[in-house]
Amino acid sequence: MAQTELSEEELLQRVARKDSRAFDHLYEALAPRLFGMMRQMLNDDRVAEEVLTEGFVHVWEQASSYDESRCKAFVWAVTVFRQKAIERMRALGRRNRRVDAQSLEQVTFPADAASPDSETVSAALATVPKEDRRLIECAFLKGLTHHVMSEALGQTPEATKAGVRRGMMHLRDSLKKGGL
């Protein structure tokens, strides 16, 4: 079987064994979607490219920590790259920036993340109630804290956390129904 025919999970397992060709294929499969997410979170193409590179270095070094029984390879990668973006925002001092409620309305799942999985996630996300979906998108796509979101929305951090949790549970249930 050619490596281009392997699933992302199989590629990631081969990367854990330091297979550089599998890494190249995994990069080709994931980079466009992850770059779209980094660009949306960081609002700076140059910084997004730097974080993308840092994230893939981490993937190369830590691929052995991936556990296929816990999640899909793309979900694992999103977690890695999201954390890298948050670390960069903290380093740049953007973490506590003020956000207004109107800017929260502009957050959306990256359109350039077209793939079967992202289409499934987008469809599942569309089933989440609007307010909870907005919180999920802000927390995971923009890397905003519960505190920043709650200030912008004029609600308590606890209410924001509850909304994110409710939305994530709804999203999880929708994805399970869809087979992801």
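Up top is the structure these notes are about.
Basis of the calculations
The numbers attached to residues start from 1 for each chain and follow its sequence in the written order. Local features are withheld for residues below a pLDDT of 70 in this predicted model, meaning they are given only at 70 or higher, and side-chain atom pairs are given and counted only at 80 or more; totals for whole chains, interfaces and linings count all residues. Excluding hydrogens and water, the side-chain values take into account all heavy atoms of the structure. Counting from the N terminus, the helices are DSSP H or I runs at least four residues long and the strands are E runs at least two residues long. Per-residue accessibility, obtained with a 1.4 Å probe over protein chains only, is compared with the maximum for each type, and a residue is labelled buried under 20%, exposed over 50%, and partly exposed between these values. Here, two residues are considered to be in contact whenever any of their heavy atoms come within 4.5 Å of each other. Accessible areas in this description were obtained via Shrake-Rupley with a 1.4 Å probe; residue shielding takes into account the shown protein chains only. Two aromatic rings, drawn from Phe, Tyr or Trp (for Trp, its six-membered ring), form a pair once their centres lie within 6.5 Å of each other, and the interplanar angle then sorts them: stacked below 30 degrees, edge-to-face above 60, tilted otherwise. Placement of a positive charge over a ring is assigned whenever Lys NZ or Arg CZ falls within 6 Å of the ring centre and within 35 degrees of the normal to the ring plane. Take the buried residues of types Ala, Val, Leu, Ile, Met, Phe, Trp, Tyr and Cys, join any two whose side-chain atoms come within 4.5 Å, and each joined set is a nonpolar core. In the analysis that follows, any N or O atom pair within 3.5 Å is treated as a polar contact, provided that within protein one partner can donate a hydrogen and the other can accept it, and provided that, for residues neighboring in sequence, both atoms belong to side chains. One less than the residue count of a helix, multiplied by 1.5 Å, gives the span that helix is expected to have. By definition, the arc is the one covered by directions from the helix axis to the C-beta atoms.

Caption draft 1: The overall build of the protein chain, seen in detail. The secondary structure content of the protein chain amounts to 9 helices and 0 strands. Starting at the N terminus and ending at the C terminus, the protein chain contains elements arranged as α-α-α-α-α-α-α-α-α. A total of 180 residues make up the protein chain; the buried ones form 43% of that total. Of the contacts formed within the protein chain by residues at least 6 apart in sequence, a portion of 69% connects residues at least 24 apart. When the accessible surface of the protein chain is totalled, it reaches about 9,800 Å², and 50% of it is carbon and sulfur.

Caption draft 2: Seen up close, the packing of aromatic side chains. For the structure on display, the rule yields 5 aromatic pairs. Where Tyr27 meets Phe56, the ring centres are 4.6 Å apart and the plane angle is 55°; that geometry is what we call tilted. Of this pair, Tyr27 sits in helix H2 (residues 20–42) while Phe56 sits in helix H3 (residues 45–62), and the two are 29 residues apart along the sequence. Chaining the aromatic ring pairs together yields one cluster made of Phe23, Tyr27, Phe56, Trp60 and Phe81. Of note, Lys18 hangs over the ring of Trp60, and the distance from its end group to the ring centre comes to 4.9 Å. In this structure, Arg33 is placed above the aromatic ring of Phe74, and the distance from its NZ or CZ to the ring centre is 4.3 Å.

Caption draft 3: Looking closely at the nonpolar core. If you look at the biggest cluster of nonpolar residues, it comprises 34 residues, and the most contacted ones within it are Leu34, Met38, Leu42, Phe56 and Phe81. Within the residue set of this core, elements represented by two or more residues are helix H1 (8–16), H2, H3 and helix H4 (73–92). Leaving out residues up to four positions away in the same chain, Met38 has contacts with Asn43, Ala48, Val51, Phe81, Arg82 and Ala85. Listed in part, the 7 residues of the second largest apolar core include Ala139, Val148, Met149 and Val164.

Caption draft 4: Quick look at the side chain of Asp132. Relative to the helices and strands, Asp132 resides in helix H7 (residues 130–141). Engagement of the side chain of Asp132 in a polar contact is seen with the side chain of Arg166, the distance being 3.0 Å. Those residues in contact with Asp132 that sit more than four places away from it in its chain are Gly163, Arg166 and Gly167.

Caption draft 5: How the structure looks around helix H9 (residues 157–177). In this model H9 runs 30 Å from its N-terminal to its C-terminal C-alpha over 21 residues, within 8% of the 30 Å that 1.5 Å per residue would give. When H9 is considered as a whole, its buried residues turn out to be Thr160, Gly163, Val164, Gly167, Leu171, Ser174 and Leu175. Across the axial projection of H9, the buried residues extend over an arc of 100°, all falling on one side. Across from the buried face of H9, at angles greater than 90 degrees, the exposed residues are Glu158, Arg165, Lys176 and Lys177.

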